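Structural characterization, general
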Amino acid sequence: MGYLQGDKPISITKLLAMHAEREKITMLTAYDSTMSALLNRCGVEVILIGDSLGNVIQGHSSTTPVTVEQMVYHTECVARANTHAFLISDLPFASYGDPIQALDSAAELMRAGADMIKLEGGDWQADIIQYLVERSVPVCAHLGLLPQSVHLLGGYKVQGKSKDAASHMLEQALTCQAAGAQMLVLEAIPSSLGERITEELHIPTIGIGAGPDCSGQVLVLQDMLGISPGKPPKFVKNFMDGHQSIEAAVKAYVREVKSGKFPGLEHGFAG
Ligand code: KIV
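An account of the accompanying structure is given in this report. Model, not experiment: these values are computed from the prediction.

As for the state of the cysteines
If you walk through the whole model with that rule in mind, you get 0 disulfides. Of all cysteine sulfurs, the one in Cys77 lies closest to Cys42, which takes part in no disulfide; the gap is 19 Å. The class for Cys42 is buried, based on a relative accessible area of 7%. Cysteine Cys176 is unpaired, with the sulfur of Cys140 as its nearest cysteine sulfur at 9.7 Å. We classify Cys176 as buried; its relative accessible area is 2%.

Encoded structure:
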């Protein structure tokens, strides 16, 4: 710990140093100023302005209706109250179909206050990742369950379960890293695959349903506060259980990710 002392802004260099020292990275989503300020007070190092706002803010059943304009609005809201967390903003569905469009969309998010953009996909995004990085846009890749592809996948399903699918995902991760991605979100994959990919890469992996061995963890804020409607995914823990305030719940999340208590075995998937 110790990177938050004096409210110094968290840079990618600091996140990579934490990873090198095997300190777990804490990430949560936020979409507004109040929660941005609260996450900063609680010591969350990375705030993800996720396109999950399509679900939790806008009430859609998927993230596909979210636009760049809406991502810009929410990135600005979060950035206004941000004191030191590293901000990652999602490139929404169909906003990075080719390198030029990706750069235009990413530039809008960076101007709104993002420190890095996140995009979904593997080797088919390598050219776009490289193009963005060469033009000074830091990139976080996202593999495993890709919510923007839900209509193609036919639902929210655990990915990388077979031996072949697992090896293919590892190759995809290596390709994203080689293209210049500096971070990788792994969503809904077997814990053993989360561990394997984390061991093989030198960039940090951030898991959401990818087991305890990723370099850090992320959850959707509303999920970990237990206020999202419906049955939560297996990888979610309700941190409001046993806590009297949102602040106490978020601090517990930070503590449990740092100590390795969260995610437990019960939050993971078998291969
Ligand atoms: O949009 C989002 O909140 C995300 C997380 C699920 C990682 O991409």
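This is not the end of the story, as more comes after the structure.
Focus: the nonpolar core
If you look at the biggest cluster of nonpolar residues, it comprises 86 residues, and the most contacted ones within it are Leu132, Met183, Ile197 and Leu219. When sequence neighbours within four positions are dropped, the list of residues in contact with Leu219 reads Met27, Leu28, Thr29, Ile208, Met224, Phe235, Val236, Lys237, Phe239, Tyr253 and Phe262.

Focus on the pairing of strand S8 (residues 216-219)
Going residue by residue along S8, you find Gly216 and Val218 tucked away on one face and Gln217 and Leu219 tucked away on the opposite face as well. As paired strands, strand S7 (residues 205-208) and S8 are joined by 2 bridges and run parallel to one another. When the sheet's bridge partners are listed, Gly207 is paired in S8 with Gln217.

A short note on unusual backbone geometry
In this model, Phe262 is joined to Pro263 through a cis peptide bond whose omega is 0°. Along the chain, the position of Pro263 falls in the segment after helix H11 (246-259). One non-glycine residue, Ala94, lies in the positive phi region at around 60°.

Thoughts on the side chain of Lys118
One can find Lys118 in strand S4 (residues 116-120). Once you skip the residues sitting within four places of it in the chain, Lys118 turns out to touch Leu48, Ile88, Ser89, Asp90, Leu91, Cys140, Ala141, His142 and Val185.

A word on the site of the ligand
The immediate surroundings of the ligand are formed by Thr29, Leu48, Gly50, Asp51, Ser52, Asp90, Lys118, His142, Val185, Glu187, Ile208 and Val220. For the ligand, an oxygen atom lies 3.1 Å from a polar atom in the side chain of Asp51. Here an oxygen atom of the ligand and a side-chain polar atom of Lys118 are 2.7 Å apart. Protein coverage of the free-state accessible area of the ligand, which is 260 Å², stands at 96%. Across the shell around the ligand, the residue classes tally to 4 nonpolar, 4 polar and 4 charged.

A look at the packing of helix H6 (residues 126-134) against helix H8 (residues 163-179)
In contact at an axis separation of 8 Å, H6 and H8 are set at 25° when each is read in the N-to-C sense. When the axes of H6 and H8 are compared, the pair comes out roughly parallel. For H6 against H8, the interelement crossing comes out right-handed. Along its contact with H6, which presents Ala126, Ile129, Gln130 and Val133, the element H8 presents Thr175, Cys176 and Ala179. When its residues are assigned to classes, the contact of H6 with H8 shows 5 nonpolar, 2 polar and no charged.

Definitions and limits used
- Residues numbered from 1 in each chain as written.
- Predicted model: local features only at pLDDT ≥ 70, side-chain atom pairs only at ≥ 80, totals over all residues.
- Heavy atoms only, no water.
- Disulfide = S-S within 2.5 Å.
- Buried < 20%, exposed > 50% of the residue type's maximum accessible area, 1.4 Å probe, protein only.
- Core = buried A, V, L, I, M, F, W, Y, C linked by side-chain atoms within 4.5 Å.
- Contact = heavy atoms within 4.5 Å.
- Helix = DSSP H or I, 4+ residues; strand = E, 2+ residues; numbered from the N terminus.
- Pairing = 2+ DSSP bridges.
- Near = heavy atom within 4 Å.
- Polar contact = N/O pair within 3.5 Å; in protein donor to acceptor, adjacent residues only side chain to side chain.
- Areas by Shrake-Rupley, 256 points an atom, 1.4 Å probe, with all protein chains shown as cover.
- Nonpolar A, V, L, I, M, F, W, Y, C, P; charged D, E, K, R; others polar.
- Axes fitted to C-alpha atoms, helices over the stretch in contact; angles between N-to-C directions.
- Parallel < 35°, antiparallel > 145°, perpendicular 65-115°, else oblique.
- Left-handed = near helix turned anticlockwise from the far one by under 90°.

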